[in-house]
Amino acid sequence: MSATLWVAVLACAFGTLLMRVVPFLWMQRRLNSESGLNDLPQWLGILGPLMIAAVLGVSLMPVHPSPASWLATLLGLVATLLVWRRTRSLGLPVAAGVATFGAVVVGGQWLFG
Amino acid sequence: MTSSGSDSAAPHRHRHSGVLRGVREAIPLLGGYLPVSISFGLIAIQSGFTTWEAVAISAFIYAGASQFLFVGMITAGAPLWLVVAMTLLINVRHVVYGPNLAGLLPRSRHWPWLMHGLTDQVFALALTRLPQLEARTRFSWFIGATLLAWAAWILGTAIGATAGEAVTRRWPLLGEIMPFALPALFFAMVVPRFTDRRWAFALSCTMAVALLLTLGGLSNVAIPLAAACGALCFYSVKLTYRRGGS
């Protein structure tokens, strides 16, 4: 990699780091300061959960989209939901979802080649 | 003596257990991180980068989609200023992550380097878990979760760059099944937020728009656009309620 390419890598890295750290520090200084905010602005509090929902929507796309992989996605989410309702935790629902998704994908390949 | 010794050891114990808890709770992220970072390592090598260069890109930039774009545009011969501009443009969504976590984390001089670990997935996990943790363990939890995710991303890139083809040939289903850990994890995070019809509408709209944009090949802009649509839905329901009520 040439020197100019390294500069490009470092510029991307530094720019991305600034986008992560500067708004965080800015808000942390503003919160509970005498001249600043006492609480997170409402729109930001709403945007947080919506960003998670958006990341979920993007990640729902299977690696190899097909009717079988979409069915596996649906059943995997149902399994995740059922186990989450019982445990109200994160680890076990994820394990159940991945196991169900994997079983449907492997079963589909075994049945239909 | 014993009492004072145990008192002075208590903060260390909390820090240690907080780090371990963060590591444990970030483990589901690896299901998504490892296959994607292995793919990145493989693609970087096929695009003419060396193993160390691929690992350096993962370690320093540490932002999945933008890394693929960076390597792709370099390979296509795009001007460097455009490569940097597009990479940063894709990462602009990170701007709203930090402020959401600002009130949940203590002040520290270490944030300038620790925030390097604030990816989409770490943000989602932190926003869900931090409010449920004691204030004194949150900082160490964040360190544990971010360091595990970062290390896995770098390790996956190194594996992909050195043995990516062999891994995908030997375990072809690995890259298909393990990434489902991410939607499963995010689903378990989003479900508790379906607290009323207004939130249900906004969250469902966001997920649907993000999925549709991804299906349309616009995954790079899907997250901010879908979240903006979700916010519009959220406020439009509020306006409808007000109009109906008046």
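Residues numbered from 1 in each chain as written. Chains lettered and ligands numbered in written order. Predicted model: local features only at pLDDT ≥ 70, side-chain atom pairs only at ≥ 80, totals over all residues. Heavy atoms only, no water.

Q: Break down the overall build of chain A for me, citing the residues and quoting the values.
A: Tallying secondary structure elements over chain A gives 4 helices and 0 strands in all. Beginning at the N terminus, the succession of helices and strands in chain A can be written as α-α-α-α. Here the C-alpha coordinates of chain A stretch approximately 65 × 50 × 20 Å along the principal axes. Burial analysis of chain A (113 residues in total) assigns 47% to the buried set. (Helix = DSSP H or I, 4+ residues; strand = E, 2+ residues; numbered from the N terminus. Buried < 20%, exposed > 50% of the residue type's maximum accessible area, 1.4 Å probe, protein only.)

Q: Which residues make up the nonpolar core, and what values do they have?
A: Within the largest apolar cluster, 82 residues are counted, with the highest numbers of intra-cluster contacts made by B:Leu101, B:Trp111 and B:Phe142. For this core, the element with the most residues is helix H2 (residues 42-59) of chain A, which contributes 11 residues. Not counting chain neighbours up to four residues away, the residues in contact with B:Leu101 comprise A:Phe24, B:Leu118, B:Phe123, B:Ala126, B:Leu127, B:Leu130 and B:Phe142. (Core = buried A, V, L, I, M, F, W, Y, C linked by side-chain atoms within 4.5 Å. Contact = heavy atoms within 4.5 Å.)

Q: Give me the packing of aromatic side chains: which residues, what numbers.
A: In the structure shown here, the tally under the stated rule is 10 aromatic pairs over all chains. An angle of 80 degrees between the planes, with centres 5.2 Å apart, marks the rings of B:Trp111 and B:Phe139 as edge-to-face. Of this pair, B:Trp111 sits in helix H6 (residues 111-114) while B:Phe139 sits in helix H8 (residues 135-170), and the two are 28 residues apart along the sequence. An aromatic cluster is present here, built from A:Phe24, B:Trp111, B:Phe139 and B:Phe142 joined pairwise through their rings. The ring of B:Phe234 carries B:Arg198 above its face, with NZ or CZ at 3.8 Å from the centroid. (Phe/Tyr/Trp six-rings, centres within 6.5 Å; stacked < 30°, edge-to-face > 60°. Lys NZ or Arg CZ within 6 Å of the ring centre and 35° of its normal.)

Q: Lay out the environment of A:Ala79 with the relevant residues and their values.
A: Residues and elements named next belong to chain A. Structurally, Ala79 can be placed in helix H3 (residues 67-87). We classify Ala79 as buried; its relative accessible area is 12%. Apart from residues no more than four positions distant in its own chain, Ala79 is found in contact with Ala96, Gly97 and Thr100.

Q: Now, about the domain arrangement of chain B: what can you tell me, with residues and values included?
A: With domains assigned, chain B is organised as domain 1 (2-178) and domain 2 (194-246). For domain 1 of chain B versus domain 2 of chain B, the distance between C-alpha centres works out to 27 Å. (Domains from an automatic or database assignment.)

Q: Which residues make up the confidence of the model for chain B, and what are the values?
A: For chain B, mean pLDDT is 87; residues scoring 70 or higher make up 91% of the total. Note on residues 1-5 of chain B: pLDDT is under 50 here. Beyond four places in sequence and across chains, it has 0 contacts. (pLDDT = per-residue confidence, 0-100.)

Q: An account of the layout of surface pockets is needed here, citing residue identities and associated values.
A: When its volume is computed, the largest pocket comes out at roughly 1200 Å³. A:Val58, B:Gly32, B:Val36, B:Phe68 and B:Leu182 are, among the 45 residues lining the largest pocket, the residues nearest its centre. Residue contributions to the lining of the largest pocket peak at 6 residues, all from helix H1 (residues 2-46) of chain B. When its residues are assigned to classes, the lining of the largest pocket shows 27 nonpolar, 15 polar and 3 charged. (1 Å grid on protein atoms, 1.4 Å probe; cavity = no way out; pocket = protein on both sides within 12 Å on 5 of 7 lines; lining within 4 Å. Points joined across faces, edges and corners; volume = space filled by probe spheres on them. Nonpolar A, V, L, I, M, F, W, Y, C, P; charged D, E, K, R; others polar.)

Q: Describe the interface of chain B and chain A, and please don't skip the residues or the numbers.
A: Contact with chain B, which involves 81 residues of that partner, is made by 63 residues of chain A. When chain B packs against chain A, the two sides together hide about 6500 Å² of surface, and 81% of this comes from carbon and sulfur. Considering only the side of chain B, the residues that lose the most area to chain A are B:Glu176, B:Phe180 and B:Phe187, jointly responsible for 11% of the buried surface there. Applying the counting rule to chain B against chain A returns 0 salt bridges. Among the residues making up the side of chain B that touches chain A, the classes are represented as 60 nonpolar, 13 polar and 8 charged. (Buried area = accessible area lost by both parts, 1.4 Å probe. Salt bridge = Lys/Arg side-chain N within 4 Å of Asp/Glu carboxyl O.)

Q: Could you give me a rundown of the side chain of A:Thr73, with the residues and numbers involved?
A: Relative to the elements of secondary structure, A:Thr73 occurs in helix H3. Residue contacts for A:Thr73: discarding those within four places in its chain leaves A:Leu60, A:Pro62, A:Phe101 and B:Phe180.

Q: Lay out the domain arrangement of chain A in plain terms, naming residues and giving numbers.
A: According to the domain assignment, chain A consists of domain 1 (1-59) and domain 2 (61-113). With centres defined by C-alpha atoms, the gap from domain 1 of chain A to domain 2 of chain A works out at 32 Å.

Q: For the pattern of salt bridges, give the residues involved together with the corresponding values.
A: Close approach of charged atoms allows side chains of opposite charge to pair. Residues and elements named next belong to chain B. The full count for this structure, using the stated rule, is 4 salt bridges over all chains. Linking Arg21 and Glu25 is a salt bridge whose minimum nitrogen-to-oxygen distance equals 3.4 Å. Taken together, the positions of Arg21 and Glu25, both in helix H1 and 4 residues apart, correspond to about one turn of that helix. Glu134 is the salt-bridge partner of Arg136, the closest N and O atoms lying 3.0 Å from each other. Residue Arg136 is classed as exposed on the basis of its relative accessible area of 52%.

Q: So what about H3(A)? Which residues, and what values?
A: In an α-helix, one turn spans 3.6 residues, which is why side chains three or four residues apart end up on the same side. Taking 1.5 Å per residue as the helical rise, H3(A) with its 21 residues ought to reach 30 Å, and the 30 Å between its terminal C-alpha atoms agrees with that figure. Every buried residue belonging to H3(A) is among A:Ser69, A:Ala72, A:Thr73, A:Gly76, A:Leu77, A:Ala79, A:Thr80 and A:Trp84, and all of these are buried. Looking straight down H3(A), one finds its buried side chains confined to an arc of 165 degrees; they lie on one side. Exposed side of H3(A), more than 90 degrees from the buried face: A:Pro67, A:Leu74, A:Leu82, A:Arg85 and A:Arg86 are the residues found there. Next to the buried residues of H3(A) lie helix H4 (91-112) of chain A together with helix H10 (181-190) of chain B. (Expected span 1.5 Å × (residues − 1). Arc of directions from axis to C-beta.)

Q: Requested: an account of the packing of helix H3 (residues 64-75) of chain B against helix H4 (residues 80-90) of chain B, with residues and values cited.
A: Helix packing for two helices is described by the angle between their axes and how far apart those axes are. All names here are of chain B. In the contact formed by H3 and H4, the axes pass within 9 Å of each other and the chain directions differ by 165 degrees. The orientation of H3 relative to H4 falls into the category roughly antiparallel. The two elements H3 and H4 meet at a crossing, and its hand is right-handed. Counted together, Ala65, Ser66, Leu69, Phe70, Met73 and Ile74 of H3 and Leu80, Leu82, Val83, Met86, Thr87 and Ile90 of H4 form the full contact between these two elements. Among the residues forming the contact of H3 with H4, the class breakdown is 10 nonpolar, 2 polar and no charged. (Axes fitted to C-alpha atoms, helices over the stretch in contact; angles between N-to-C directions. Parallel < 35°, antiparallel > 145°, perpendicular 65-115°, else oblique. Left-handed = near helix turned anticlockwise from the far one by under 90°.)

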